[in-house]
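Coordinate inspection notes
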Amino acid sequence: MAVAAKYVGTSVPRKEDPELLTGQAKYTDDFVVPGMLHMIVVRSPFAHARIGSVDVSKALAMDGVVAAFSGEDLAGDWAGPLLMAWAVTDDIHNPPHWPLTKDKARYQGDGVAVVVAESRAAATDGAEAVDVEYQALDAVVDMDAALADGAPLVHEDFGTNASYTWTLTNGEVDKVFAEAPVVVKERYVIQRAIPNAIEPRAILVQPNTAMGDFTMWSATQIPHIVKVAMTLGLGISESKLRVIAPRVGGGFGAKLQVYAEEMLALALAKRLGRPIKWVEERSENYLASHHGRDQIQEVELAADADGRIHGYRMKILANMGGYLMIITPGTPLLGAFLYCGCYGGEAYHFECTGVFTNTTPTDAYRGAGRPEATYAIERAIDALGRRVGKDAIAIRRLNFIPAFNEPTPMPGGLMLDSGDYDATLDQALELIGYDDLRAEQQARRERGDPKQLGIGFSTYLEMCGLAPSRVLSALKYAAGGWDAATIRLSPTGKVTVVVGTSPHGQGHATTFSQIAADDLGISVDDIEVVHGDTMLAPLGMDTYGSRSLAIGGVAVHRAAEKLVAKAKKIAAHELEVAEEDLDYEGGTFSVKGAPDKARTVAALAFSAWTAHNLPDGMEPGFEETAVYDPANFVFPYGAHICAVEVDTETGEVKVAKYVAVDDVGLVINPQIVEGQVVGGVIQGIAEALLEEAVYDENGQLLSSSMTNYEIPAASDVPSITIGRGPGLPSNSNELGVKGVGETGTIASPPAVLNAVIDALSVYGITDIGRPVTPERVWRAIRDAKGGAQ
Amino acid sequence: MRISLTVNGTAHQDDVEPRQLLVYYLRETLGLTGTNVGCDTSTCGACTVLVDGRSVKSCTMLAVQADGRDVATIEGMAKNGELHALQQAFHEHHGLQCGYCTPGMIMAADSLIREHPEGLDEQGVRMGLEGNLCRCTGYQNIVTAVLAAAEAMNGRAPAAAPAGGEA
């Protein structure tokens, strides 16, 4: 930081909390406007079915029902399909995706009709009365089956269920593998997950028919992108649409989306001239909000006899589901460069094929591509260690890229910013009491304890801070990766910080206040942060990919610096000295050698407002905007160690100890950062042990509610211990910050799996599926002992 | 049907549909939108309120069943502009992120603490709050906050935080 840090690095209590703690915060469903109609979407109960007639006449005859439409009825309302922003290859199969399907249902939950009524109950009753003729078709759920000859086709026009194949090759991969004395080959299945923000999605659209204006409230992570997508989808001028993300109750990627219901609510508000509200039921959330993960990975490492890695070869199948949504095809590619983790080597090949199936579309889920990459490499390096006779620590230390503090290349082709992988591992080993744990493990093994101990590692590397716009262009993403901040000082020295990021629990108001407060020498209590409103904050790219601090936070800092530069000119003018004769500290300019001659930023804001005595040619007012486009990503990293207790009689796995050491660069607010780490780690532990979206062979979602998809409760999970590592600043931005929102879900699943496998190694077990349910453990032990007993 | 009940100390009389759930009576009839709805299976606990002092998921109860009862919601917790001990503890210990589960979590915790005047430990809090789901915090700071509030509400010095924490 340019000035002394008073707030940065301290746990300023969250400015967001008071309204959230007292029930005064307004989430989308809390807004009520006069004349509001309620919308219900009629969804296909079949995963794959041809749509015959859609008869809404019975619904229209019901009390309270105002309108009802089929996909065919609304076909003329759309200027374009739902936004798919990431055509990853030139020859990608990208099917049109309409808000209501007209020809076929392609997953259970695909929308086929919509009903609006005076009350939600009437709309629900009306939706029940819509008569849809379905001709059920064979469904395809499994990716291998989808790619087999003769498989049912999700989109017949393409003649295949493959959407695309994307490849990345660095170095002489085939040669390295041909010459390597050791090649490890593994196959991993990353199960499908359902994000489950506790606030369901919700939308309210208020039209002003006289002016042709619309205001949309949406429980979204991306109001700015939604606005562009609505313009493209409905042909409404961007200047006639305001999108507001009010308080948003968690996202985890599932609200990084442009959804059919947003298009429908806006289209119906336009058609009917009345406000339209839609609130998702949880059962709908399971069917019609996007899912995450779902990959089959073939992982190969080429190494020398000692276990030093020279080559990586990865072949991924990624389940797209029934359609491509905003970044469905690109999501696995967010991990494409990271299948080497924090390890060295000369050759790297990554290949990903996106596969259509009759399932809910997948898209970003906390970590988006990077948890999958981390899982592959952190499992595979353990397999390599077993092969060459090195333990999990030794094989990692042998392959770590040595500590560095300047841009450094890695096998995946990225330039890393800063890292010291041994340092985070050292700290994690110390925090977990590693030697004692190993001794305890040995003792339990020797006495044949039914509860065996296992220790697992994940020394992960991730990339976040999405993203340099030029890199996004090279990857064929449709938009940029910059973000913006405007800072305005009122005549009385109060500050408004307007940002283009759009939080849903991350604490941007507090964190950004701390940055601006230190830069301007103003109390955090005098700063208001405005976000999530395309009218108040017209410039923005929203919140996902752990980008908000590394991009939006830097924009805040740059806007503050612009204000300080303007203030300095006014101060020099008022004090009748040259600018270089001024010192600046803690919000005060003072004349060198005459510290009594001074002006505060707040006082200079008043001068800029009166404009009575400004330097010649200076514009009045005290407001500056910065738009920041990063030159590089940022690269958090760290070491997670998990100790599990496995009950070999019941198969139950309990996390006994968990240590997370994460170096996320400069920390603005330690309490907020720790909150992100713990929340992410627990979400990742749940992915490793509990959560799995399960379909039957007909494409029916069996894990279809919170009662049979196991989100962890407090009683299901442990407390964890956190360390911060060496805290090397990033050199990708001048604040030195990285990102922390996704480290937990990226790092933790392989730590848990490796720990379970370590515990079960007494049976010779080297692999187990995830989530590691008691049944899977019990079966693995039974099979290892020689089958059914 | 006509019901009479007290909500946050204020008497209300309203005609309600027999099928209306208590949570929608609170949200839509009384405008008390602090109580949230997160699921349709009575799993998540976001809608937890107190009925005659005991925590109840207000999506599991009909408004008519609240006739003659005393209901408390998050809006009634702070008194005279002062946060309740639980609200204060959640703030100090960062026991909330998006805040959506927070009203239900606080109401459930209030009931739990008052059911255990002898005090609570980490496991007791974790078991006692298993009906309230949070997707953001990983629960650790919630547990810390509830333990701190329990001590404050029972007039004792705060006990040790859960195992773990920052090194």
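The structure reproduced in this document is the subject of the present report. For clarity, every value in this text was computed on a predicted model and none was experimentally measured. The residue numbers shown here count from 1 along each chain, following its written sequence. Throughout, the order in which chains and ligands are written sets their labels, letters from A for the former and numbers from 1 for the latter. Given that this is a predicted model, residues contribute local features only at a pLDDT of at least 70 and side-chain atom pairs are listed and counted only at 80 or more, while totals for whole chains, interfaces and linings are drawn from all residues. Hydrogens and waters are ignored; side-chain quantities use all the structure's heavy atoms.

1. A look at the pattern of salt bridges
We define a salt bridge as a contact between a side-chain nitrogen of Lys or Arg and a carboxyl oxygen of Asp or Glu at a distance within 4 Å. Following the criterion strictly, the structure yields 56 salt bridges over all chains and no others. The shortest N-O distance in the salt bridge between E462 of chain A and R370 of chain A comes to 3.2 Å. Here E462 of chain A, found in the loop between β18 (451-461) and α13 (469-474), pairs with R370 of chain A, found in helix α9 (residues 370-388); they are 92 residues apart in sequence, far enough to count as distant. R19 of chain B is the salt-bridge partner of E17 of chain B, the closest N and O atoms lying 3.3 Å from each other. Taking relative accessible area as the criterion, E17 of chain B reaches 48% and is therefore assigned partly exposed. Here R19 of chain B falls in the exposed class, since its relative accessible area comes to 53%. One continuous salt-bridge network, built from bridges that share partners, spans R43, R201, E261, E280 and E284 of chain A. The helix and strand labels rest on DSSP assignments: H or I over at least four residues marks a helix, E over at least two residues marks a strand, and numbering proceeds from the N terminus. Per-residue accessibility, obtained with a 1.4 Å probe over protein chains only, is compared with the maximum for each type, and a residue is labelled buried under 20%, exposed over 50%, and partly exposed between these values.

2. A few points about the interface of chain B and chain A
In this analysis, two residues are considered to be in contact whenever any of their non-hydrogen atoms come within 4.5 Å of each other. Between chain B and chain A, the residue contacts involve 49 residues of the former and 54 residues of the latter. For any pair of parts, buried area is found by adding up, for both, the accessible area (1.4 Å probe) each one loses once the two are put together. Taking both partners together, chain B and chain A bury about 4,200 Å²; carbon and sulfur atoms supply 54% of that area. Joining chain B to chain A, the criterion identifies 3 salt bridges. E691 of chain A is paired through a salt bridge with R135 of chain B; the nearest N and O atoms lie 2.6 Å apart. Counted as a polar contact is a pair of N or O atoms within 3.5 Å, where, for protein atoms, one must be capable of donating a hydrogen and the other of accepting one, and residues adjacent in sequence contribute only when both atoms are in side chains. In this assembly, chain B and chain A are joined by 27 residue pairs in polar contact (both at pLDDT 80 or more). The set of elements that each furnish at least two residues to the side of chain B that touches chain A consists of α2 (85-92), α3 (102-115), α4 (122-128), α5 (140-153) and β6 (165-166) of chain B. When residues of the side of chain B that touches chain A are assigned to their parent elements, the largest contribution, 4 residues, is made by α2 of chain B. Three residue categories are used. Nonpolar comprises Ala, Val, Leu, Ile, Met, Phe, Trp, Tyr, Cys and Pro, charged comprises Asp, Glu, Lys and Arg, and polar comprises the others, including Gly. Of the residues contributing to the side of chain B that touches chain A, the split by class is 20 nonpolar, 19 polar and 10 charged.

3. Details of the layout of surface pockets
Cavities and pockets were defined on a 1 Å grid built over protein atoms only: a cavity is a set of grid points that admits a 1.4 Å probe from which the probe cannot escape, a pocket is an open set flanked by protein on both sides within 12 Å along at least five of seven lines, and lining residues are those with an atom within 4 Å of any such point. Grid points are joined across faces, edges and corners, and a volume is the space filled by probe spheres set on the points. Taken as a whole, the largest pocket spans an internal volume of roughly 1,000 Å³. In this structure, the largest pocket is lined by 34 residues; those nearest its centre are R120 and A121 of chain A together with L21, Y24 and E28 of chain B. Of all the secondary-structure elements, those providing two or more residues to the lining of the largest pocket are α3 (120-129) and β12 (276-279) of chain A together with α1 (22-29) of chain B. The element contributing the most residues to the lining of the largest pocket is α3 of chain A, with 4 residues. The space that makes up the second largest pocket amounts to roughly 610 Å³.

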